Amino acid sequence: MLSSKSESDITSLAPSSPSRSPKRPLYYVQSPSRDSHDGDKSSSMQPSPMESPSHPSFGRHSRNSSSSRFSGIFRSFSGRKGSRKRNDKGWPECNVIMEEGEYDEDKAFTRRFQALIALCSFIVLFTVFCLIIWGASRPFKAEITVKSFSVSNFYVGEGSDFSGVPTKMLTVNGSLRMSIHNPATIFGIHVSSTPINLIYSEIPVATGQLKKYYQPRKSRRTVSVIVEGDKIPLYGAGSSLTVSQPGIVVPLTLKFEIRSRGNVVGKLVRTKHKKLISCPVVLDSTSSKPIKFKKGTCTYD
């Protein structure tokens, strides 16, 4: 009996069977996404519950579209497509600030590099300028001329030193005059000296000291230095001296060093000169006249 039924009857009975009837699609309400555009409105339309259930593909399309929307939102939060932040107007932000920051850093580095080059150039130029000034000021040396030596007290006798050893004693008091000329046209000089010694057989018998002073440019000055020694023991060096003679002649040597320093450019550029002076002096106990030094008598090294 079953085989005698026609195919039309089977098809007509199939949808009426309650066990095989397809379920009606659910009604989904999907709010429009913030990122959706006007072109997506047509795809976001929801099916009406009054539409015929004979088109189940529409429900599948609705599920697919809704799942795609959920996946799109998920992707926007996952940071792939919607990773860019948006400003107040809804436009996505870009890396313009980062690029401007890098540009500013490069510009600041360039400015620092240029400032460093300018500083180095200034230092080099200033150093060259100082060297030129220093070289130009080197020839201007202080000119020293020893004029005379006046003796106020000269005595040779016998005595004993502080330990009681008997020896010959020498006493000399005098004044040394010399002229100092500063030929420099652009700077003054500071003049000083080492101890001025009057030496007898390598023994200093009288000593003096030139006080340090400042001498202006293109100037000449005459200075006097007191040289004195009181009862200096001669020990073995005085064995050739005869105290009993009425006139005693003692050969001595005057030795000292004159130092001059000129500040050309403050304390940055200085010129220093030294001149060692040696003059022979012969003291006579019978003469009180000043001893004058002729040109060539003293040596200036």
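Residues numbered from 1 in each chain as written. Predicted model: local features only at pLDDT ≥ 70, side-chain atom pairs only at ≥ 80, totals over all residues. Heavy atoms only, no water.

With that settled, consider the overall build of the chain. Per the secondary structure count, the chain includes three helices and eleven strands. Reading the secondary structure of the chain in the N-to-C direction produces α-α-α-β-β-β-β-β-β-β-β-β-β-β. Out of the 301 residues belonging to the chain, those deemed buried represent 26%. Contacts in the chain between residues far apart in sequence, at least 24 positions, make up 67% of those at least 6 positions apart. Accessible surface, the chain: about 21700 Å² in total, of which carbon and sulfur atoms supply 57%. (Helix = DSSP H or I, 4+ residues; strand = E, 2+ residues; numbered from the N terminus. Buried < 20%, exposed > 50% of the residue type's maximum accessible area, 1.4 Å probe, protein only. Contact = heavy atoms within 4.5 Å. Areas by Shrake-Rupley, 256 points an atom, 1.4 Å probe, with all protein chains shown as cover.)

A separate point is unusual backbone geometry. The phi angle at Ser 201 is positive, at roughly 50°, despite the residue not being glycine. Mapped onto the elements of the fold, Ser 201 is located in the loop between strand S4 (196–200) and strand S5 (203–208).

This model, assessed by the stated rule, comprises one aromatic pair. Where Phe 122 meets Phe 126, the ring centres are 6.1 Å apart and the plane angle is 20°; that geometry is what we call stacked. You can see Phe 122 and its partner Phe 126 sitting in helix H3 (residues 96–137), four residues apart, about one turn around the helix. The ring of Tyr 213 carries Arg 221 above its face, with NZ or CZ at 4.1 Å from the centroid. (Phe/Tyr/Trp six-rings, centres within 6.5 Å; stacked < 30°, edge-to-face > 60°. Lys NZ or Arg CZ within 6 Å of the ring centre and 35° of its normal.)

Taken as a whole, this structure holds one disulfide when the rule is applied. Here Cys 279 is linked by a disulfide to Cys 298, with a sulfur-sulfur distance of 1.9 Å. Taking the torsion about the sulfur-sulfur bond, which here is approximately 120°, the covalent link between Cys 279 and Cys 298 counts as right-handed. Taken as a pair, Cys 279 in strand S9 (residues 269–284) and Cys 298 in the loop between strand S10 (291–292) and strand S11 (299–300) lie far apart in primary sequence, 19 residues in all. You'll find Cys 279 and Cys 298 in the same group, each marked buried. (Disulfide = S-S within 2.5 Å.)

Once that is clear, we can look at the environment of His 190. Relative to the elements of secondary structure, His 190 occurs in strand S3 (residues 189–193). Classification of His 190 by relative accessible area gives partly exposed; the value is 22%. The sequence separation of His 190 and Lys 212 amounts to 22 residues, and the corresponding C-alpha distance is 7.0 Å. The contact partners of His 190, leaving out residues within four places of it in the chain, are Lys 212, Tyr 213, Tyr 214, Arg 259, Ser 260, Arg 261 and Asn 263.

What follows covers the confidence of the model for the chain. When pLDDT is averaged along the chain, the result is 75; 65% of the residues meet or exceed 70. Per-residue pLDDT stays below 50 along residues 1–21; that stretch engages in one contact with residues further than four places along the chain or on separate chains. In the predicted structure, residues 65–81 sits below a pLDDT of 50 and forms 13 contacts with residues beyond four places in sequence or in another chain. (pLDDT = per-residue confidence, 0-100.)

Our focus in this paragraph is the pattern of salt bridges. The tally for this structure, following the rule as stated, stands at one salt bridge. Residue Glu 257 is joined to Arg 259 by a salt bridge in which the shortest nitrogen-to-oxygen separation is 2.9 Å. (Salt bridge = Lys/Arg side-chain N within 4 Å of Asp/Glu carboxyl O.)

Turning our attention to the nonpolar core. Leu 176, Met 178, Leu 198, Phe 256, Val 281 and Leu 283 are the most contacted members of the largest nonpolar core, which has 44 residues in total. Mapped onto this core, the elements with two or more residues apiece are strand S1 (143–160), strand S2 (166–182), S3, S4, S5, strand S7 (219–233), strand S8 (249–265) and S9. Residue contributions to this core peak at six residues, all from S8. Every residue in contact with Leu 283, bar those within four places of it in the chain, is listed here: Phe 149, Val 151, Phe 154, Val 172, Leu 198, Ile 248, Val 249, Val 250, Leu 252 and Ile 291. (Core = buried A, V, L, I, M, F, W, Y, C linked by side-chain atoms within 4.5 Å.)

Below, the discussion takes up a nonpolar patch on the surface. Where nonpolar side chains cluster on the molecular surface, the patch consists of Leu 116, Leu 119, Phe 122, Ile 123, Phe 126, Phe 129 and Leu 268 and spans about 720 Å² of accessible area. With respect to the element layout, Phe 129 can be found in helix H3. (Patch = residues over 30% accessible without salt bridge, like charges linked within 9 Å, V, L, I, M, F, W, Y side chains within 5 Å.)

For Thr 271, the location among the structural elements is in strand S9. Filtering out sequence-adjacent residues up to four positions away, Thr 271 remains in contact with Trp 134, Ser 137, Arg 138, Phe 187, Ser 260, Arg 261, Gly 262 and Val 264.

For the rest of this paragraph, the subject is the environment of Ala 184. Within the secondary structure, Ala 184 is located in the loop between S2 and S3. If we ignore the near neighbours within four places in the chain, the residues touching Ala 184 are Phe 140, Arg 217 and Lys 218.

Another aspect to go through is the environment of Tyr 200. Relative to the assigned elements, Tyr 200 resides in strand S4. Residue Tyr 200 is classed as buried on the basis of its relative accessible area of 6%. Placed 52 residues apart in sequence, Tyr 200 and Leu 252 show a C-alpha to C-alpha distance of 5.0 Å. Once residues within four sequence positions are removed from consideration, Tyr 200 is found in contact with Val 205, Leu 234, Ala 237, Gly 238, Ser 240, Leu 241, Val 250, Pro 251 and Leu 252.

A few words on the pairing of S8. When S3 meets S8, the two strands line up antiparallel, connected through five bridges. Bridging from a neighbouring strand, Ile 189 pairs with Gly 262 of S8. Across 16 bridges, the pairing between S8 and S9 is antiparallel. Counterpart to Val 249 in the pairing with S9 is Asp 284. Connecting the antiparallel pair S8 and S9 is a turn made up of three residues, with Gly 266 showing a positive phi of about 60°. (Pairing = 2+ DSSP bridges.)

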